[in-house]
Amino acid sequence: MIMADSGSSEEVAVICNTDITSTESENNIINTMVERGTALLKKMEISVAEADKRTGKNTVNMQETYTVYLIETRPAETVSEGGVPPAPDTLWRRYSEFELLRTYLLVTYPYVIIPPLPEKRAEFVWHKLSADNLDPDFVERRRVGLENFLLRVASHPVLSNDNIFFLFLTEEKGWREAVLETGFQDKVDSRLKSLSAMFRVKNPDKRFTALKHYSDDLSTVISQLLRIRARVADRLYGVYKVHANYGRVFSFMMLIIFLKKLTFIVSTPVDNLLLDFGCFYHQSVCKKHELVQYELEMAAQDLTYKKQQKEELATGTVRIFSLKGMTSKLFGQETQEQRESKVAALEQSIQEGEDALKEKNAESQEFVEKAWTDIERFKEQKDKDLREALISYAIMQISMCKKGIQVWSNAKECFNKM
Amino acid sequence: MSVGAPRGLASSGQKLITEMLHPLSAAEEPPSPGPDVTVSAEEKEKTSRIEFDLPDYSVRRRYQDFDWLRIKLEDSQPTHLIPPLPEKFVMKGVVDRFSEEFVETRMKALDKFLKRVADHPVLSFNPHLNAFLTAKDLNKRQGLALLTKVGESVKHVAGGYKLRARPAEFCAMGEYLDTFSQKLGTIDRIAQRILREQSEYLTELREYGAVYSSWAGSEEQLQRPLEGVAGCVTTSCGALEDLSDNMSQDFLPVLREYVLYIESMKNVLRKRDQVQAEYEGRLEAAVLRKQEDRTPIPVEVEKCQDKVECFNADLKADWERWQRNKRQDFKQLLTGMADKNINYYEKCQAAWESLITLLQEKQTEDKTSETELN
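Rules and cut-offs
- Residues numbered from 1 in each chain as written.
- Chains lettered and ligands numbered in written order.
- Predicted model: local features only at pLDDT ≥ 70, side-chain atom pairs only at ≥ 80, totals over all residues.
- Heavy atoms only, no water.
- Helix = DSSP H or I, 4+ residues; strand = E, 2+ residues; numbered from the N terminus.
- Buried < 20%, exposed > 50% of the residue type's maximum accessible area, 1.4 Å probe, protein only.
- Contact = heavy atoms within 4.5 Å.
- Areas by Shrake-Rupley, 256 points an atom, 1.4 Å probe, with all protein chains shown as cover.
- Patch = residues over 30% accessible without salt bridge, like charges linked within 9 Å, V, L, I, M, F, W, Y side chains within 5 Å.
- Salt bridge = Lys/Arg side-chain N within 4 Å of Asp/Glu carboxyl O.
- Lys, Arg positive; Asp, Glu negative; His and termini not counted.
- Charge placed at Lys NZ, Arg CZ, Asp CG, Glu CD.
- Axes fitted to C-alpha atoms, helices over the stretch in contact; angles between N-to-C directions.
- Parallel < 35°, antiparallel > 145°, perpendicular 65-115°, else oblique.
- Left-handed = near helix turned anticlockwise from the far one by under 90°.
- Nonpolar A, V, L, I, M, F, W, Y, C, P; charged D, E, K, R; others polar.
- UniProt positions renumbered as here; feature names shortened; annotations may be inferred.
- Buried area = accessible area lost by both parts, 1.4 Å probe.
- Polar contact = N/O pair within 3.5 Å; in protein donor to acceptor, adjacent residues only side chain to side chain.
- Phe/Tyr/Trp six-rings, centres within 6.5 Å; stacked < 30°, edge-to-face > 60°.
- Lys NZ or Arg CZ within 6 Å of the ring centre and 35° of its normal.
- Pairing = 2+ DSSP bridges.
- pLDDT = per-residue confidence, 0-100.

**Observations concerning the overall build of chain A**
Scanning chain A from N- to C-terminus turns up 13 helices and three strands. For chain A, with 418 residues in total, the buried portion stands at 48%. Within chain A, residue pairs in contact and separated by at least 24 positions form 71% of the contacts whose partners lie at least 6 positions apart. Accessible surface for chain A amounts to roughly 21,900 Å². Of this, 53% is attributable to carbon and sulfur atoms.

**A look at the overall build of chain B**
Along chain B, the regular secondary structure elements total eight helices and three strands. The order of α-helices and β-strands along chain B, N terminus first, is β-α-β-β-α-α-α-α-α-α-α. Burial status across chain B gives 45% buried among its 374 residues. A separation of at least 24 residues holds for 77% of the contacts in chain B among residues at least 6 apart in sequence.

**Some thoughts on a negative patch on the surface**
All names here are of chain A. A surface patch of negative charge is lined by E352, D355, E359 and E363. Examined against the element boundaries, E363 turns out to sit in helix α13 (residues 336-416). E363 gets classed as partly exposed once you look at its relative accessible area, which sits at 34%.

**A look at the packing of helix α4 (residues 136-154) of chain A against helix α5 (residues 163-170) of chain A**
All names here are of chain A. Close contact between α4 and α5 brings their axes to 11 Å; oriented N to C, the two are set at 140°. Put simply, α4 runs oblique to α5. Handedness of the α4/α5 crossing: left-handed. Where α4 approaches α5, its residues L150, V153 and A154 are matched on the opposing element by F165, F168 and L169. Classifying every residue of the contact of α4 with α5 by side-chain character gives six nonpolar, no polar and no charged.

**Some words on the UniProt feature "coiled-coil region" (unreviewed entry) in chain A**
Per the UniProt annotation, the sites labelled "coiled-coil region" (unreviewed entry) are residues 343-370 of chain A. Its end C-alpha atoms 40 Å apart, residues 343-370 of chain A is made of 100% helix and 0% strand.

**Side note on the interface of chain A and chain B**
Counting residues at the interface gives 50 residues for chain A and 52 residues for chain B. Of the roughly 5,200 Å² buried between chain A and chain B, counting both surfaces, carbon and sulfur atoms make up 71%. For E200 of chain B, the salt bridge goes to R235 of chain A, with nearest N and O atoms at 2.4 Å. Linking chain A with chain B are six residue pairs in polar contact (both at pLDDT 80 or more), by the criterion used here. Put simply, the parts of the chain that give the side of chain A that touches chain B at least two residues each are α8 (206-250) and α13 of chain A.

**Brief notes about the packing of aromatic side chains**
Geometrically, a pair of aromatic rings is defined through the distance of the ring centres and the angle of the planes. Considering all chains together, one arrives at 19 aromatic pairs over all chains under this definition. Note on F168 of chain A and W175 of chain A: the rings are 4.8 Å apart at their centroids and 75° apart in plane angle, and the pair reads as edge-to-face. For the pair F168 of chain A and W175 of chain A, a shared accessibility class is recorded, and that class is buried. These aromatic residues form a ring-pair network of at least three members: Y176, F180, Y258, Y261, W319, W322 and F330 of chain B. In this arrangement the basic side chain of R93 of chain A is found over the ring face of F168 of chain A, its NZ or CZ atom lying 4.7 Å from the centre. R94 of chain A extends its terminal NZ or CZ atom over the ring of Y66 of chain A, reaching a point 3.7 Å from the ring centre.

**Describing the sheet that holds strand β3 (residues 89-94) of chain A**
Residues and elements named next belong to chain A. Taken together, three strands build an open sheet; the order of strands is β1-β2-β3 and the sheet is antiparallel. Edge positions in the open sheet fall to β1 (44-57) and β3, since each of these has one partner strand only. Strand-to-strand twist across the sheet, computed as the mean angle between neighbouring axes with direction ignored, equals 25°. Bridge count for β1 against strand β2 (residues 63-75) is 13 bridges, and the pairing is antiparallel. Bridge assignment links I46 to a residue of β2, and that residue is T73. On the sheet, α4 packs against β1 and β2 and is oriented at approximately 135° with respect to β1.

**With respect to the pattern of salt bridges**
Residues and elements named next belong to chain B. In this structure the tally under the stated criterion is 23 salt bridges over all chains. In this structure, R282 engages E300 in a salt bridge whose closest nitrogen and oxygen atoms are separated by 3.6 Å. On the criterion of sequence distance, the pair formed by R282 in helix α7 (residues 223-293) and E300 in helix α8 (residues 299-373) is long-range, its members being 18 residues apart. R282 gets classed as partly exposed once you look at its relative accessible area, which sits at 26%.

**Focus: the confidence of the model for chain B**
Should the pLDDT be low somewhere, the predicted coordinates at that spot are not to be read in detail. Residues and elements named next belong to chain B. Residues of chain B with pLDDT of at least 70 account for 72%, and the chain-wide mean is 75. Scored below 50 in pLDDT, residues 142-147 makes 10 contacts in the model with residues more than four places away or belonging to other chains. What the predictor reports for the complex is a pTM of 0.71 with an ipTM of 0.73.

**Some details on the packing of helix α3 (residues 95-108) of chain A against α4 of chain A**
Residue and element names in this part refer to chain A. Closest axis-to-axis distance for the α3/α4 pair is 12 Å, and the angle between their directions is 30°. Considering their axes alone, α3 and α4 lie roughly parallel with respect to each other. The interaxial crossing formed by α3 with α4 has left-handed handedness. Two secondary-structure elements touch here, α3 through Y95, F98, L101, R102 and L105 and α4 through R142, L146, F149, L150 and V153. By residue class, the composition of the contact of α3 with α4 is eight nonpolar, no polar and two charged.

**Some details on the pairing of β2 of chain A**
All names here are of chain A. Counting the residues between successive antiparallel strands, the hairpin from β1 to β2 contains five residues, one of them, N61, with a positive phi of roughly 60°. Note: β2 against β3, six bridges, orientation antiparallel. Looking at the pairing, Y69 lines up with R93 of β3.

Structural data, given as structure tokens:
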């Protein structure tokens with residue numbers, strides 16, 4: 001575990017190595033990603049350094065205030081001794097641009113689990129934090145979430161090589177045009193629309209079904225957890241607030257002690273760590289697989305239908321009801337030539353159908369393989385991240401206990417002097 | 001199981017030790033229910049005082065008996081501060097009068113009462129106390145008519161006299177008691193609010209732990225860590241429950257007891273005022289008569305003066321004693337509260353620290369297996 005340095009401005013006593021500031025706990029998670037060492041990350045360091053307010057006209061020509069975030073990139077070479085690190089390249093991006101990037105990635109890499117963005121609106125409000133998007137705490141949480149997003153994409157073996165992503169980090173002006181030029185938005189309609197449709201796949205891959213169940217359970221559990229966590233924090237705050245009243249009764253000094261305790265609790269950042277793991281994005285992969293499977297089955301169905309038609313023509317038996325069949329029955333048989341040409345056309349159609357089916361099969365296989373590889377990678381990453389988060393959470397709890405002991409020990413000393 | 005720790009009395013030079021045993025553990029007969037019965041407490045008393053023939057005594061007493069003793073003490077020693085008893089009336093249905101916690105709390109308070117009385121240089125010699133501790137059957141209807149001289153006379157203080165000037169020190173006492181009583185009330189209210197908030201916090205915390213448990217069910221690698229977290233949360237819940245219980249059983253009763261103590265003390269102060277008023281009234285009347293027809297100041301007036309002086313002296317001495325004891329009691333109470341809180345945090349900390357060890361072990365396991373693969 002990392003040792004906390006006493007030079008930090010946060011109120012954490014440095015006693016043993018279970019003390020850690022929130023910045024360091026975030027770094028731990030980032031380290032687990034960076035360890036992956038993609039080509040991109042070997043080249044550059046990425047961070048979302050600051051946030052700033054801008055005003056401008058929006059699409060309906062009204063004045064609006066929005067927040068922009070500063071993305072810094074700098075080359076990853078270590079600095080020589082005595083040297084000054086080179087100034088980073090910087091550009092500003094707002095949340096909607098991040099959203100655009102993510103949509104592009106979703107569409108372009110359907111078999112990959114795309115990392116999530118931080119909440120659009122403050123959903124799990126703790127301690128009556130305003131749900132205002134300009135609230136500084138909210139902006140800070142967002143900044144961290146956006147940085148995590150970029151780092152996760154940058155540490156992904158496939159996504160990190162995407163050019164649009166690279167441009168996002170380096171080209172402030174022309175990026176929007178470049179994204180739109182990829183034409184991904186056409187695919188957006190068909191692919192993303194079908195994501196929200198309900199499919200009934202006949203022979204679903206069991207692994208994907210299991211995965212889907214798991215991600216359903218996981219997202220339920222996590223949103224439960226976050227809700228209760230907010231309530232628990234509120235209650236605890238209530239307990240400490242009442243304790244502060246003691247200060248009034250006893251003496252001025254005690255008041256200070258109890259108030260200090262309060263501010264510590266209040267300033268502890270919300271567990272962004274747990275917030276990060278709304279694994280809602282998990283589900284989109286499973287849906288995509290269903291889509292491919294569906295296409296596959298449609299093609300197979302098509303082929304079967306065509307085969308049956310051929311058989312019917314060849315044997316003259318009406319297996320499948322068709323208008324043509326009825327009319328021919330009613331109005332007389334076709335000539336042999338007509339029938340033969342029909343059969344030939346049908347055979348060609350069948351051949352095409354079989355080719356298409358083969359293609360779809362191959363496509364599906366490839367998709368499954370790629371998706372499954374990515375899922376394995378994701379699982380591993382998730383386990384690591386969660387474990388880090390739990391460790392940080394435990395450390396925070398320990399820190400709070402130590403604070404509590406400190407406060408009450410001081411109080412005890414005061415009492416002993418009575 | 002003995003509850004009160006034996007204490008020697010350095011101040012009065014006696015070695016009177018009173019222990020109270022848990023009624024349920026030592027009882028041979030079950031407590032007899034009656035119209036206003038509460039509990040029966042068994043006491044063992046060891047004394048080396050000459051007045052008692054036998055070295056060990058063991059008697060059974062009911063709350064009623066304690067009440068009787070206190071009334072007798074008040075009557076016979078009206079110039080002294082008599083320690084309070086725990087509350088007499090308990091609302092049925094709100095508190096279970098036979099629950100272990102209630103019995104325990106009451107017993108501790110009764111034990112304290114006896115110790116304080118036994119500790120008092122004057123009260124401990126009171127014959128009613130003797131009877132209380134030794135008589136097989138307290139025949140209360142007999143009403144031992146053993147009032148002290150002062151007691152006798154104070155009992156018959158005539159009312160209707162108005163006090164002119166209360167000596168400063170007694171004013172100060174009264175004011176102090178008022179302020180202190182207020183503070184105690186505030187602390188009581190705060191403590192109750194804390195208990196309420198803590199109990200709501202506890203409810204949420206339990207639910208929180210349950211979510212982690214159910215999450216653990218759907219994970220593989222993370223199952224043990226998540227169950228670990230659930231375990232820590234459960235431990236915290238248990239520790240918090242202990243803390244809350246302690247507050248309601250040990251902390252609050254003492255506060256309330258002191259409030260009662262203050263009430264009875266204020267009564268004594270009022271009586272003192274009355275005695276002084278009577279004396280001043282009579283003196284004034286006597287002086288006037290003397291001026292008119294040269295009648296000497298009656299003996300009664302001098303007796304009144306005696307009364308006043310005795311009362312003041314007794315009260316002052318008792319006040320000093322009370323202040324000392326109060327300081328001691330509150331020091332103990334508050335440091336006890338601090339200790340319990342520290343205890344609570346230590347338990348929680350230990351739980352989380354052991355979890356970290358578990359989690360970090362897993363981490364190093366993973367890391368070594370990774371490097372092996374590479």
